[in-house]
Amino acid sequence: MEEFDEVDPYTEGDPKKLGRLGYVRVGSFVWEGAERTEHVQETLGGLDVLWVETEHFRIGSSLGTYAIPADRAEKKKLKEELDRFGDKLGRFKRPKRRLDPWIRIHLLALLSEELYDSYVADFGLEEEDGEPNAMGHPQKFNLLVCQRKSELGRYLRAYEQGANDFAYRTGHHGKSMFFGINAEAIAEGYDGDPSQPYDTMLHALVAQGLARNFADGHLQKLFECPEWFSMGLGHVYVRRIDERFVQTGATSRSTDDEHWKWDERVGNLVKNEFFAKMTDMIRWERGREWNEREHMVAWSKVECVIERLDGSGAMFLAGLVTPVADQPAGTPDELLLRQARAFDTQLDLTPDAFDGEWMDWVRDR
């Protein structure tokens, strides 16, 4: 197993440099409840894990050194990320062929906070004094990125009584929203092919998990967000990172078939009027099976909602996640009433009329 440098070579533990990066603590801090990061590290197997607490996130990473493949898009992405990291930190020795464990957690922290800023801007959210985030959730968001499946498995068995060897999202009242993922399972999906841009794939899936947790933890109405919106939202932020790695199922797919070119495919669905109607989508219950067309349409409709709200979506989000009084929460009828009210009060549209505007929006793209 790789042994990590004990001292971060980029900040050298300098409080001024850590402050420039917006870090609150590094190494040892409270993770959840009475559990500290060192306790979690023992649970993971006692192997090396790096820990960073930022303004809005608590992040753990056991990612090892990553050999950068000859993927043009990933190299461009990494250059831009390292530029932004350097803008914050100041001058530093840039990695060229490999990403060491410390730069990987720094880039995860950068990704997380940038995603947070994008979400807040997209929906016009504001932080209240003393609150850890603008989503009305009482805790920071926990992100655990493991190198190996076994580490994530140990965590889930110990803390969530769950099991998953790929990724896992959860949240509890009064506690953090949690997202965990491991790199080993991603690589297995491509038989460990060293030419694949696994770091980009990982970042895309982290963005998807965090974005969905933003919506599913909003106002601490845990997992009350309609799934078409939560799922579509995750796709929005994945595609802003790299549209090739949008995830619609458990099976990894080659990018050579260009299945990820969703703009053109959604345009054809609109042209042929062969898509899920919003009047049906707002009745979708959690746990249903989706086909790829539904994933594409949910993504496109959420993109349209974000653009139409133009940074004034706080009340729309509140309406989506707040069940109707005197109705059994999460039933198709309650979901219909809740979302129809949100569309009416914040978009001045019925769900059916929204589809008409969305179709025009797709054609204009």
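Enquirer: Describe the overall build of the chain, listing the residues and the values that go with them.
Expert: Helix and strand counts for the chain stand at 14 helices and 10 strands. A compact globule built from 365 residues should have a C-alpha radius of gyration of about 21 Å, and the chain, at 21 Å, falls within 12% of that. The buried share of the chain, taken over its 365 residues, is 53%. In the chain, of all internal contacts separated by at least 6 residues, the share reaching a separation of at least 24 is 72%. Where the 47 positive side-chain charges of the chain centre and where its 67 negative ones centre are 4 Å apart.

Enquirer: Describe the environment of Met231, and please don't skip the residues or the numbers.
Expert: Take Met231: it is sitting in helix α8 (residues 227-242). By relative accessible area, which is 12% here, Met231 ends up buried. Distance in space between the C-alpha atoms of Met231 and Gly209 is 9.6 Å, their sequence separation being 22 residues. Ignoring any residue separated from it by four or fewer positions in sequence, one finds Met231 in contact with Arg212, Trp290 and His295.

Enquirer: Explain the sheet that holds strand β10 (residues 177-182) to me, and be specific about the residues and the numbers.
Expert: The strand order β1-β4-β5-β8-β10-β9 describes an open sheet built from six strands, whose pairing is mixed. The sheet is open, and its two borders are formed by β1 (25-26) and β9 (167-171), each paired with just one other strand. Examined bridge by bridge, strand β8 (residues 141-146) and β10 share five bridges and lie parallel to one another. Considered in β10, the bridge of Leu144 is made with Gly180. Sheet strands touched by helix α4 (residues 101-123): β1, β4 (50-53), β5 (57-61) and β8. Its angle to β5, the strand with the most contacts, is close to 150 degrees.

Enquirer: Explain helix α3 (residues 72-89) to me, and be specific about the residues and the numbers.
Expert: What sets the pattern is the α-helix's 3.6 residues per turn: residues three or four places apart point alike. Between the first and last C-alpha of α3 there are 25 Å, a value that for 18 residues agrees with the 26 Å anticipated at 1.5 Å per step. Among the residues of α3, Glu74, Lys77, Leu78, Glu81, Leu82, Phe85, Gly86 and Leu89 are the ones counted as buried. Looking at the buried side of α3, the elements it contacts are α1 (15-20), β6 (66-67), β7 (98-99), α4, α7 (198-216) and α8. Gly90 sits one or two residues past α3 and shows a positive phi near 105 degrees.

Enquirer: Please set out the nonpolar core residue by residue, giving values where relevant.
Expert: Soluble globular proteins: nonpolar side chains tend toward being buried together. Of all hydrophobic cores here, the largest spans 100 residues; its most connected members are Tyr119, Phe123, Val206, Trp228, Phe229, Leu233 and Trp358. Discounting residues that sit within four places of it in the chain, Trp228 has contacts with Met278, Met281, Ile282, Trp284, Trp290, Ala298, Val302, Gln339 and Phe343. Grouped together as the second largest cluster of nonpolar side chains are 12 residues, Leu44, Cys146, Tyr155 and Phe178 included.

Enquirer: I'd like a description of the packing of aromatic side chains, backed by residues and values.
Expert: A full pass over the atoms with the stated rule returns 24 aromatic pairs. Seen from their ring centres, Trp31 and Trp51 are 5.2 Å apart, and the 70 degrees between their planes marks the pair as edge-to-face. Highlighted residues: Trp31 in strand β2 (residues 30-32) and Trp51 in strand β4, separated in sequence by 20 residues. In this pair, the class of Trp31 matches that of Trp51, namely buried. Members of the aromatic cluster, joined through ring pairs, are Phe57, Tyr116, Tyr119, Phe123, Phe141, Phe214, Trp228, Phe229, Tyr237, Phe316, Phe343 and Phe354. The cationic tip of Arg239 hangs over the ring face of Trp299; the distance from NZ or CZ to the ring centre is 4.5 Å. Above the ring of Trp284, the side-chain terminus of Arg288 is found at 3.9 Å from the ring centroid.

Enquirer: Give a detailed account of the environment of Gln247, specifying residues and quantitative values.
Expert: As for its placement among the helices and strands, Gln247 is situated in the loop between α8 and α9 (262-271). For Gln247, a relative accessible area of 21% corresponds to the partly exposed category. Once the C-alpha coordinates of Gln247 and Trp260 are considered, the two residues, 13 residues apart in sequence, prove to be 9.3 Å apart. Setting aside residues no more than four positions away along its own chain, Gln247 makes contact with Leu205, Gln208 and His235.

Enquirer: Explain the packing of α7 against α8 to me, using residue names and the numbers behind them.
Expert: The interhelical angle for the contact between α7 and α8, taken along N-to-C directions, is 145 degrees, at an axis separation of 8 Å. α7 and α8 meet at a crossing whose hand is right-handed. Where α7 abuts α8, its residues Thr200, His203, Ala204, Ala207, Gln208, Ala211, Arg212, Ala215 and Asp216 lie against Glu227, Ser230, Met231, Leu233, Gly234, His235, Tyr237, Val238, Ile241 and Asp242.

Enquirer: Explain the environment of Ser300 to me, and be specific about the residues and the numbers.
Expert: Tracing the backbone through its elements, the reader meets Ser300 in helix α11 (residues 292-309). In sequence terms Ser300 and Met359 are 59 residues apart; their C-alpha atoms lie 9.9 Å from each other.

Rules used in this analysis
- Residues numbered from 1 in each chain as written.
- Predicted model: local features only at pLDDT ≥ 70, side-chain atom pairs only at ≥ 80, totals over all residues.
- Heavy atoms only, no water.
- Helix = DSSP H or I, 4+ residues; strand = E, 2+ residues; numbered from the N terminus.
- Rg over C-alpha atoms; globule rule 2.2 N^0.38 Å.
- Buried < 20%, exposed > 50% of the residue type's maximum accessible area, 1.4 Å probe, protein only.
- Contact = heavy atoms within 4.5 Å.
- Lys, Arg positive; Asp, Glu negative; His and termini not counted.
- Charge placed at Lys NZ, Arg CZ, Asp CG, Glu CD.
- Pairing = 2+ DSSP bridges.
- Axes fitted to C-alpha atoms, helices over the stretch in contact; angles between N-to-C directions.
- Expected span 1.5 Å × (residues − 1).
- Core = buried A, V, L, I, M, F, W, Y, C linked by side-chain atoms within 4.5 Å.
- Phe/Tyr/Trp six-rings, centres within 6.5 Å; stacked < 30°, edge-to-face > 60°.
- Lys NZ or Arg CZ within 6 Å of the ring centre and 35° of its normal.
- Left-handed = near helix turned anticlockwise from the far one by under 90°.

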